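Observations on the three-dimensional arrangement
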Amino acid sequence: MRPVKEKILRDVVTPGESLGIIEEFLPGEGTYLDDDNIKSLYFGVAVLDIEERKVHVRPLGRERLLPVKGDIVIGEVNSVKRDTATIVIKKIENKDAWLKPSFHGMLHISQVSDKFVESLSSAIRVTDIVRAKIINNKVPYQLSMKDKELGVILAFCVNCQNPMVLKDRKLYCPQCRNQEEERKISLRYSTPFKLQ
Ligand SMILES: [Zn+2]
């Protein structure tokens, strides 16, 4: 085996992210071509083989990184029951690391807010993107959203799947004008586009 000279092109890439054009590099493992664009198949590290001028993406593996107590994570709500919800944890925000494969976390109704929450389904919904904190050190991971900056950071309209925006601290769909009531919204709710 000959020694491979390589360098890290980008620490964290997401699926579909463009890594360069075919004139610059050749597409390697973990990439695909979209016209002239070389794109990543995975959440991972983009590595450039200098000799072959080939770009590879190595998926971020489970063994590389485990969430620990105190980590702030980004995940998608997968299911909501009476007292518990399942969140698919996709990223450890404070370590800027995407998890591939992703982990499941559990959110109990008592961990939603310091205020009384009558039903979990009024606080979060399936497909919501949430920012939460890991509060234990073992599987299944337990999550908390008890902080102003924790909670839903992006929600999609139930009618048209459009990203919803905040209007008077409530979720509003600029596409079909659907408005939704209570939700545990994070102060970091990101508005994909501004309302006029
Ligand atoms: Zn809508």
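What comes next concerns the included structure. (Residues numbered from 1 in each chain as written. Predicted model: local features only at pLDDT ≥ 70, side-chain atom pairs only at ≥ 80, totals over all residues. Heavy atoms only, no water.)

The next subject is the side chain of Arg 131. With respect to the helices, strands and loops of the structure, Arg 131 is situated in strand β11 (residues 129–134). Polar side-chain contacts of Arg 131 include one of 3.0 Å to the backbone oxygen of Glu 149. When residues no more than four places from it in sequence are discounted, the contact partners of Arg 131 are Ile 72, Val 73, Ile 74, Glu 93, Met 145, Glu 149, Leu 150, Gly 151, Ile 153 and Arg 188. (Helix = DSSP H or I, 4+ residues; strand = E, 2+ residues; numbered from the N terminus. Polar contact = N/O pair within 3.5 Å; in protein donor to acceptor, adjacent residues only side chain to side chain. Contact = heavy atoms within 4.5 Å.)

Space inside the largest pocket adds up to approximately 640 Å³. As for the largest pocket, its lining consists of 21 residues, and the residues nearest its centre are Ser 113, Lys 115, Arg 183, Lys 184 and Ile 185. A class-by-class count of the residues in the lining of the largest pocket yields seven nonpolar, two polar and twelve charged. (1 Å grid on protein atoms, 1.4 Å probe; cavity = no way out; pocket = protein on both sides within 12 Å on 5 of 7 lines; lining within 4 Å. Points joined across faces, edges and corners; volume = space filled by probe spheres on them. Nonpolar A, V, L, I, M, F, W, Y, C, P; charged D, E, K, R; others polar.)

Moving on, we get to the coordination of the zinc ion. Protein ligation of the zinc ion involves Cys 157 (SG), Cys 160 (SG), Cys 173 (SG) and Cys 176 (SG), the donor distances falling in the range 2.3 Å. Around the zinc ion, the four donor atoms are arranged such that angles at the metal cover 98 to 122 degrees; this shape is classified as tetrahedral. As a motif over one chain, the donors of the zinc ion read C-x2-C-x12-C-x2-C. A residue is classified by how much of its surface remains accessible, and Cys 173, at 0% relative accessible area, is buried. With a relative accessible area of 32%, Cys 176 lands in the partly exposed category. (Donors = N, O, S within 2.8 Å, 3.2 Å for Na, K, Ca; no water. Tetrahedral: all angles 85-135°; square planar, octahedral: opposite > 155°, others 65-115°. Buried < 20%, exposed > 50% of the residue type's maximum accessible area, 1.4 Å probe, protein only.)

So, on to the sheet that holds strand β3 (residues 26–27). Here we have four strands laid out as an open sheet, ordered β1-β6-β7-β3, and mixed in their pairing. The open sheet has two edge strands with one neighbour each: β1 (6–13) and β3. In this sheet, strand β6 (residues 44–49) lies alongside β1 in antiparallel orientation, the contact comprising five bridges. For Ile 8, the partnering residue across the bridge sits in β6 and is Val 47. (Pairing = 2+ DSSP bridges.)

Attention shifts here to a negative patch on the surface. Side chains of Glu 23, Glu 24, Asp 35 and Asp 36 sit close together on the surface and give a patch of like negative charge. Relative to the assigned elements, Asp 36 resides in the loop between β4 (31–34) and β5 (37–40). Judged by relative accessible area, which is 43%, Asp 36 ranks as partly exposed. (Patch = residues over 30% accessible without salt bridge, like charges linked within 9 Å, V, L, I, M, F, W, Y side chains within 5 Å. Areas by Shrake-Rupley, 256 points an atom, 1.4 Å probe, with all protein chains shown as cover. Salt bridge = Lys/Arg side-chain N within 4 Å of Asp/Glu carboxyl O. Lys, Arg positive; Asp, Glu negative; His and termini not counted. Charge placed at Lys NZ, Arg CZ, Asp CG, Glu CD.)

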